[in-house]
Amino acid sequence: MNYTFSERMKNMNGTATREIFKLLGNPEIISFAGGNPAIECLPTERVKEITADICSSPNFARVLQYGLTAGFPELRELLCKYVETADIYGTKTENVLVISGGQQGIDLALKAFINPGDVILVEDPTYLAFLQLANSYEGICKGVKANDDGLDLCDLEEKIKKYNPKMLYCVPTFSNPTGKTYSVENRKAIAEMTAKYGVIVIEDDPYSKLRFKGEYVPSMKSFDKAGNVIFISSFSKIISPGNRTGVAVGAPEIIRKMEIGKQGTDLHTPNLSQMITYEYLRRGYLEPDLKKAVRIYGEKKGAMSDAIKKYMPEEFRCTDPDGGLFIWGSLPERIDMVKMLPEAVERKVAYIQGSVFYADGSGTNYVRLNYSYANLSQIEEGIARLAGLFKEKLAK
Ligand SMILES: Cc1ncc(COP(=O)(O)O)c(C=O)c1O
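Definitions and limits used
- Residues numbered from 1 in each chain as written.
- Predicted model: local features only at pLDDT ≥ 70, side-chain atom pairs only at ≥ 80, totals over all residues.
- Heavy atoms only, no water.
- Core = buried A, V, L, I, M, F, W, Y, C linked by side-chain atoms within 4.5 Å.
- Buried < 20%, exposed > 50% of the residue type's maximum accessible area, 1.4 Å probe, protein only.
- Helix = DSSP H or I, 4+ residues; strand = E, 2+ residues; numbered from the N terminus.
- Domains from an automatic or database assignment.
- Contact = heavy atoms within 4.5 Å.
- Pairing = 2+ DSSP bridges.
- Salt bridge = Lys/Arg side-chain N within 4 Å of Asp/Glu carboxyl O.
- Near = heavy atom within 4 Å.
- Polar contact = N/O pair within 3.5 Å; in protein donor to acceptor, adjacent residues only side chain to side chain.
- Areas by Shrake-Rupley, 256 points an atom, 1.4 Å probe, with all protein chains shown as cover.
- Nonpolar A, V, L, I, M, F, W, Y, C, P; charged D, E, K, R; others polar.
- Expected span 1.5 Å × (residues − 1).
- Axes fitted to C-alpha atoms, helices over the stretch in contact; angles between N-to-C directions.
- Parallel < 35°, antiparallel > 145°, perpendicular 65-115°, else oblique.
- Left-handed = near helix turned anticlockwise from the far one by under 90°.
- Buried area = accessible area lost by both parts, 1.4 Å probe.

**Overview of the nonpolar core**
Grouped together as the largest cluster of nonpolar side chains are 37 residues, with contacts concentrated most on L79, Y82, L210, I238, L286 and Y297. Counting only elements with at least two residues in this core, the list comes to helix 3 (44-56), helix 5 (73-82), strand 2 (96-99), strand 10 (246-249), helix 11 (271-282) and helix 12 (286-311). When residues of this core are assigned to domains, at least three fall in each of domain 1 (7-43 + 287-395) and domain 2 (45-282). Excluding residues that lie within four positions of it along the chain, Y297 makes contacts with P37, A38, C41, L210, F212, L325, Y371 and S372. Counting 29 residues, the second largest nonpolar core, distinct from the first, contains L97, I106, V122 and Y137.

Structure follows, in structure tokens:
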């Protein structure tokens, strides 16, 4: 059979992500490729306890019945309070949509706003799966330069004027892939500038709770006076990615459109998942578990930074994140991380080539290294293996 798939699927390339999951499945390979939370941070005992309580409650049948698309009312109420931890105040349930992970929130925001040919500005580099999703809606992503402060505001304004974009997508805290964080002033300026030009912002925030050093920074949404920022927070990296829960916060008109979009996608987030997240938050488990996770990720990040200092050639440059799950590194431009990946895998270590995070596929000398999944000794060993390969390439 010769299948004639839609035009939009032609733009979708799932290869990079699929390869990552394959590599994670081979226990011999030390993987710095994925973005999985540490296994030791997954709250297995707590979720067992919660699930047992849910299953034995007199209301259990409710969990097995269809639910509301916007989410369990009690969870939505609780989330209005929860987002105050990102300095978002005055949230009402009409501002809140329960989503099946941050990925779905991004998808629904794109579905609500993007027509084929619309321009979407993204930080260069940005979250790979966002680029793929934007492609599926036939949006055109254009990269905006970044600096140590966040987005380069001159470049942002220039590109807004040049492209008249519909949307800006960014991960302002502990970005995937760079691990960098925008300053408070930068967030404020972006919120003001996008409001002035009528640009919708997706503020994607899966990592801000995973801070192991430095000062807390309020969300960009907290500076939103015009109602153009959609804040997307996920419980994947702080409770469980398999449980698929998150929350989108935005103007009621936007949330309503996203809710209608969600009806067509999955009707609602599975009730059991919503209940688990609700009970986990209600019972106060997040705070102590986050303390543990932050300590573990701080140690792992420290181990990776130490190994980089010890083994990497001096040409290797990298970020020094205050939280999140990734270090972003580079070698001189002549070194191609894309071509080198199969050789790294032969040496039983995996990374993600930086080029997949660029809207235009550039950045071939960059690499993203995840430190949350491997254990401390694997981190040292994996960096030593990679450093050996990098040194050989540099010597050629
Ligand atoms: C920046 C960013 N956004 C969204 C997601 C999607 O995560 P989830 O759908 O599990 O919340 C990820 C996952 O790695 C991510 O890094």
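Next, the rest of the story.
**Some details on the sheet that holds strand 14 (residues 352-353)**
Read from one edge of the open sheet, four strands run 11-12-15-14, paired in antiparallel fashion. For this open sheet the edge positions go to strand 11 (317-318) and strand 14, each flanked by a neighbour on one side alone.

**So, the pattern of salt bridges**
Summed over all chains, the structure comprises 25 salt bridges. D322 is the salt-bridge partner of K213, the closest N and O atoms lying 3.2 Å from each other. Of this pair, K213 sits in the loop between strand 8 (200-205) and strand 9 (229-234) while D322 sits in the loop between strand 11 and strand 12 (326-330), placing them 109 residues apart in sequence. Taking the shortest distance from any N to any O, the salt bridge between E279 and R282 comes out at 2.8 Å. Highlighted residues: E279 and R282, both in helix 11, separated by three residues, approximately one helical turn. Owing to a relative accessible area of 11%, E279 belongs among the buried residues under this scheme. You can call R282 partly exposed: its relative accessible area is 49%. One salt-bridge network, in which partners are shared between bridges, spans E49, D53, E279, R282 and R283.

**Some details on the site of the ligand**
Taken together, 14 residues are adjacent to the ligand, and G102, D204, Y207, S234 and S236 come closest. G102 has a polar backbone atom sitting 2.7 Å from an oxygen atom of the ligand. Here Y207 contributes a side-chain N or O atom positioned 2.6 Å from an oxygen atom of the ligand. Starting from 400 Å² of accessible surface for the ligand in isolation, the protein chains cover 91%. Broken down by class, the residue content of the shell around the ligand amounts to five nonpolar, six polar and three charged.

**Some thoughts on helix 9 (residues 184-197)**
Along its 14 residues, helix 9 runs 20 Å from first to last C-alpha, staying within 8% of the 20 Å computed at 1.5 Å per residue. Along helix 9, the residues classified as buried are N186, R187, I190, A191, M193 and T194. If you follow the buried residues of helix 9, they end up packed against strand 6 (150-151), helix 8 (153-163), strand 7 (167-170) and strand 8. A positive backbone phi angle near 65° is found at G198, which sits one or two residues after helix 9.

**Points about the packing of helix 3 against helix 11**
Running from N to C, helix 3 and helix 11 cross one another at 115°; their axes reach a closest spacing of 10 Å. Taken together, helix 3 and helix 11 sit at an angle that is classed as roughly perpendicular. Remark: the crossing between helix 3 and helix 11 carries right-handed chirality. Within the contact between the two elements, helix 3 uses R46, V47, I50, T51 and I54 and helix 11 uses L272, M275, I276, E279 and Y280. Residue composition of the contact of helix 3 with helix 11, grouped by class: seven nonpolar, one polar and two charged.

**Some thoughts on the domain arrangement of the protein**
The domain boundaries assigned to the protein delineate domain 1 (7-43 + 287-395) and domain 2 (45-282). The centre of domain 1, based on its C-alpha atoms, is set 24 Å off from the matching centre of domain 2. If you look at the interface, domain 1 gives 35 residues, while domain 2 gives 38 residues. Taken together, both faces of the contact between domain 1 and domain 2 bury some 3,100 Å²; the carbon and sulfur share is 62%. Considering only the side of domain 1, the residues that lose the most area to domain 2 are P43, D322 and F357, jointly responsible for 22% of the buried surface there. Linking domain 1 with domain 2 are four salt bridges. Counting the contacts that link domain 1 with domain 2 gives 13 residue pairs in polar contact (both at pLDDT 80 or more). Going through the elements one at a time, helix 2 (15-25), helix 12 and strand 12 are the ones with two or more residues in the side of domain 1 that touches domain 2. Per element, the largest residue contribution to the side of domain 1 that touches domain 2 is eight residues, and it comes from helix 12.

**Structural notes on the sheet that holds strand 9**
With respect to topology, seven strands assemble into an open sheet ordered 2-10-9-8-7-3-4, the strand pairing being mixed. Unpaired on one side and paired on the other, strand 2 and strand 4 (140-144) mark the two borders of the sheet. Across the sheet, the mean angle from the axis of one strand to that of its neighbour is 20°, orientation sign disregarded. Seen against the sheet, helix 7 (residues 128-136) touches strand 3 (119-123), strand 4, strand 7 and strand 8 and runs at an angle of roughly 175° to strand 3.

**Side note on unusual backbone geometry**
Cis geometry is adopted by the peptide bond preceding P125, which originates at D124 and carries an omega value of 0°. Residue placement: P125 occurs in the loop between strand 3 and helix 7. Between N176 and the following residue, P177, the backbone shows a cis peptide bond with an omega angle of 20°. Tracing the backbone through its elements, the reader meets P177 in the loop between strand 7 and helix 9.

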